Amino acid sequence: MKKAIIAPLAIIFIAMACKSKQATTTSTIASPGIDAQLAAVQVRFPDATKDELQKGHDIYTGACTKCHDTKDVIAYAEPKLLEIVDVMAGKAHLTAPEKQALIRFAVGVRATSK
Ligand code: HEC
């Protein structure tokens, strides 16, 4: 009886693990995994969510690649990066929540890429 319950649960768990992995393999920049990134981001922004990081990732690989290829977010010290993002968010016509999602995504990538 117990086994009959555990097996489907195990399948759901494995399916979820695969799914969360899939979400981060769309770009090598997110390779450390969105869960690790979220944990790192929440140290500084406790209200950050997985959806927000995913949104930041989508902006980074979408709107931010209209004029150039993806730029390396870990190549700059954070104050410089934030300065650049200020200018680029304007170029990409990001809303304030979109810019925040992008910054948090970058913070997560940086924190988990060291
Ligand atoms: C309207 C066009 C345009 C959009 C949209 C755009 N950029 Fe840029 N970006 C540029 C240009 C032009 C440069 C300078 C030339 C270069 O480095 O390719 C640049 C340079 C950069 C640099 C290097 C800056 C430096 O001083 O080394 C980074 C990083 C960057 N962009 C990030 C982003 C991010 C993140 C986004 C999304 C929010 C974005 N860009 C969206 C046009 C754009």
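Right above here is the structure, for reference.
For the structure given in this document, a descriptive report is provided here. Think of each chain on its own: its residues are numbered from 1, step by step along the sequence as written. Confidence filtering applies because this is a predicted model: local features only for residues at pLDDT of at least 70, side-chain atom pairs given and counted only at 80 or more, and all residues used for totals across whole chains, interfaces and linings.

**Describing the nonpolar core**
And then number 1: Structurally, a nonpolar core is described as a collection of buried Ala, Val, Leu, Ile, Met, Phe, Trp, Tyr and Cys residues joined by way of C-beta atoms within 7 Å. Each residue is classified by how many other C-beta atoms fall within 10 Å of its C-beta atom, where C-beta atoms are placed from the backbone; a count of 20 or more means buried, 12 or fewer means exposed, and values in between mean partly exposed. Formed by 18 residues in total, the largest nonpolar core has its most connected members in Leu38, Val41, Leu53, Leu102, Phe105 and Ala106.
And then number 2: Secondary structure elements are defined from DSSP: runs of H or I of at least 4 residues count as helices, runs of E of at least 2 residues count as strands, and each element is numbered from the N terminus. For this core, the elements supplying multiple residues, two or more each, are helix H2 (34-44), helix H3 (50-61), helix H4 (78-91) and helix H5 (96-111).
And then number 3: A pair of residues counts as a contact when their C-beta atoms, built from backbone coordinates, are separated by no more than 7 Å. If sequence neighbours within four positions are ignored, Phe105 has contacts with Leu53, Gly56, His57 and Tyr60.

**Section: the packing of H4 against H5**
And then number 1: Axis geometry follows a simple rule: fit a line to the C-alpha atoms, using only the stretch in contact for helices, then measure angles between N-to-C directions, giving values from 0 to 180 degrees. Packing of H4 against H5 brings their axes to within 11 Å, and their N-to-C directions diverge by 150°. Of the two possible hands of crossing, H4 and H5 adopt the one that is right-handed. On the side of H4, the interface is formed by Leu81, Leu82, Val85 and Ala89, while H5 contributes Lys99, Leu102, Ile103 and Ala106.
And then number 2: Note on residue classes: Ala, Val, Leu, Ile, Met, Phe, Trp, Tyr, Cys and Pro are nonpolar, Asp, Glu, Lys and Arg are charged, and everything else, Gly too, is polar. When the residues that make up the contact of H4 with H5 are grouped by side-chain class, the tally is seven nonpolar, no polar and one charged. In a left-handed crossing the near helix is turned counterclockwise from the far helix by less than a right angle, and in a right-handed crossing that turn is clockwise.

**What to know about unusual backbone geometry**
And then number 1: Residues other than glycine seldom take positive phi values, yet His93 does so here, at roughly 55°.
And then number 2: You can see His93 is positioned in the loop between H4 and H5.

**Here we look at H5**
And then number 1: To estimate how far a helix should extend, the number of its residues minus one is multiplied by 1.5 Å. In this model H5 runs 22 Å from its N-terminal to its C-terminal C-alpha over 16 residues, within 8% of the 22 Å that 1.5 Å per residue would give.
And then number 2: Taken residue by residue, H5 has Ala101, Leu102, Ile103, Arg104, Phe105, Ala106, Val107, Gly108 and Val109 as its buried positions.
And then number 3: On its buried side, H5 packs onto H2, H3 and H4.

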